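# A closer look at the structure
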Amino acid sequence: MNKTILILGACGQIGTELTLALRQKYGNESVVASDIRRSDLAELQDGPFEILDASDAGALRAVCEQYKIHTVYHLVAMLSATGEKFPMKAWDLNMQSLLHVLELAREGVIQKIFWPSSIAVFGPTTPKDHTPQQTIMEPSTVYGISKLAGERWCEYYFNKYGVDVRSIRYPGLISWKSQPGGGTTDYAVEIYYKALEEGRYTSFLSEQRALPMMYMDDAIRATIELTEAPAEQVKVRNSYNLAGISFDPVTIAASTEAPAEQVKVRNSYNLAGISFDPVTIAASIAGHIEGFEMDCVPDFRENIAASWPASIDDSAAQADWNWTPKYDLEAMTAAMLGNLKVKLGL
Ligand SMILES: NC(=O)c1ccc[n+]([C@@H]2O[C@H](COP(=O)([O-])OP(=O)(O)OC[C@H]3O[C@@H](n4cnc5c(N)ncnc54)[C@H](O)[C@@H]3O)[C@@H](O)[C@H]2O)c1
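Since we're looking at a predicted model, the values are computed, not measured.

Calculation notes
Residues numbered from 1 in each chain as written. Predicted model: local features only at pLDDT ≥ 70, side-chain atom pairs only at ≥ 80, totals over all residues. Heavy atoms only, no water. Salt bridge = Lys/Arg side-chain N within 4 Å of Asp/Glu carboxyl O. Buried < 20%, exposed > 50% of the residue type's maximum accessible area, 1.4 Å probe, protein only. Core = buried A, V, L, I, M, F, W, Y, C linked by side-chain atoms within 4.5 Å. Helix = DSSP H or I, 4+ residues; strand = E, 2+ residues; numbered from the N terminus. Expected span 1.5 Å × (residues − 1). 1 Å grid on protein atoms, 1.4 Å probe; cavity = no way out; pocket = protein on both sides within 12 Å on 5 of 7 lines; lining within 4 Å. Points joined across faces, edges and corners; volume = space filled by probe spheres on them. Nonpolar A, V, L, I, M, F, W, Y, C, P; charged D, E, K, R; others polar. Near = heavy atom within 4 Å. Polar contact = N/O pair within 3.5 Å; in protein donor to acceptor, adjacent residues only side chain to side chain. Areas by Shrake-Rupley, 256 points an atom, 1.4 Å probe, with all protein chains shown as cover. Sits in = over half its atoms within 2 Å of the grid points.

### Some points on the pattern of salt bridges
Applying the stated criterion across every chain yields a total of 15 salt bridges. The partner of Asp-164 in a salt bridge is Arg-166, and the shortest N-O contact between them spans 2.9 Å. Between Asp-299 and Arg-301 there is a salt bridge, with its nearest N and O atoms 2.6 Å apart. Looking at Arg-301, the relative accessible area reads 18%, which means it is buried. When salt bridges that share partners are traced, they join Arg-61, Glu-65 and Glu-107 into one network.

Spelled out as structure tokens, the structure:
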């Protein structure tokens, strides 16, 4: 019999796709989706769903006991951009919900936890390029502070109580099935919608603001691979660096114009954390959509992005659980535009 899984925050950008992937793998009944709201996606209705406030410890315990939950994927958080508007709410939600889940594991009610951290744990004093697994971490956003504190709690519960908790520092995630939920890297999703719908896009990050990014399919695969890896392989118990592709708005727009051999070089550097900016993502899209234009009007999110790494060194993830990304910028642009055309009926 499959071990039952609970997903907290299942209607969000990552939760939607993780729920579908795990149900495909283990069957609908083995994966309980939960969120504070309902999703309008028909595909998510095909299995058990609970309205659950993850900051309500009693309600969380009741659902875990009712379904005899083995593994919890904790995907509830207030993200970076929204968190800067509501710092106390972000801190309360991000910390309380994690501590409730860690406590349930300590008591033996559940057996395993996946909880994502973020590149937001790094700050202005962190080395920007190929940011190492262990380095200076002085985050300057409330979101980053909550993620860094969360990492320390995860490692503490592992060391002190043997709680089996696993974590990835996700880079910015790019997907088409569900909308992003108020982060600083949301521009790299919006740009594809606007390219198809209006042929132009105004980026809220500046031209050369490079950030590490990843296509959702890679992130979901990484999440499941890490959570299912044998425990002795999981040597990092705070959170793994994970590199996909790293780019700025200009880079994503430009990449399809680059000669194929150049794209391959970028591709092979991705594991070591190559960097792309808004101009590059715009150029990548322009290779598919003639006349696509982008301008940049940076807002408060530019300051958040400026405090984060431009590229990530994920050699620990590669060494420990054989992590390899599959999507480079070109493959991602083709997948995003192809899938969105169908979704938007274009
Ligand atoms: N998307 C990214 O690019 C990215 C990058 C780094 C880390 N992460 C992390 O991954 C996780 C998921 O991110 P996401 O992008 O899917 O976020 P999201 O905002 O899209 O989804 C979060 C979900 O949590 C739900 N939620 C909010 N408050 C709740 C509560 N009290 N109880 C239950 N559910 C509640 C929301 O309704 C939403 O469906 C978060 O921990 C986030 O910090 C995401």
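Back to the text.
### As for the nonpolar core
Ranked by size, the top nonpolar core spans 39 residues in total, and within it Ile-174, Tyr-187, Ile-191, Tyr-192, Phe-292 and Met-336 carry the most contacts. Breaking this core down by element, the ones donating at least two residues are α5 (142-161), α6 (187-198), β11 (211-215), α10 (278-286), α11 (300-306) and α13 (329-343). For this core, the element with the highest residue contribution is α6, accounting for 8 residues. Grouped together as the second largest cluster of nonpolar side chains are 33 residues, Ala-33, Phe-114, Trp-321 and Trp-323 included.

### Regarding helix α7 (residues 216-228)
Helix length check: α7 (13 residues) gives 18 Å between terminal C-alpha atoms against 18 Å at 1.5 Å per residue, within 8%. Regarding α7, the residues found buried are Met-216, Asp-218, Ala-219, Ile-220, Ala-222, Thr-223, Ile-224, Leu-226 and Thr-227.

### Points about the layout of surface pockets
Think of a ball as big as a water molecule: rolled over the atoms, this probe shows where empty space is left. By volume, the largest pocket is sized at about 940 Å³. Around the largest pocket, the lining is made up of 41 residues, and of these Leu-75, Val-76, Ala-77, Leu-79 and Gly-181 lie nearest the centre. At the level of elements, α1 (13-26), α3 (80-85), β6 (117-118), α5 and β9 (172-174) are the ones that each hand at least two residues to the lining of the largest pocket. Classifying every residue of the lining of the largest pocket gives 20 nonpolar, 16 polar and 5 charged. Of the volumes computed, that of the second largest pocket is approximately 270 Å³. Every residue lining the second largest pocket is counted, 15 residues in all, and those nearest its centre are Glu-17, Ala-21, Lys-177, Asp-217 and Ile-220. Those elements that place two or more of their residues in the lining of the second largest pocket are α1 and α7.

### A short note on the site of the ligand
The environment of the ligand is made up of 27 residues, and the closest members are Gln-13, Ile-14, Asp-35, Ala-54 and Tyr-143. A distance of 2.8 Å is found between an oxygen atom of the ligand and a backbone nitrogen or oxygen belonging to Gln-13. Between the ligand and the protein, one listed contact pairs a nitrogen atom with a backbone N or O atom of Ala-54 at 2.8 Å. When the ligand sits alone it has 830 Å² of accessible area, and the protein chains cover 90% of it. Because more than half of its atoms lie within 2 Å of the grid, the ligand is assigned to the largest pocket. Those elements that place two or more of their residues in the shell around the ligand are α1, β6, α5 and β9. Taken together, the residues of the shell around the ligand sort by class into 15 nonpolar, 8 polar and 4 charged.

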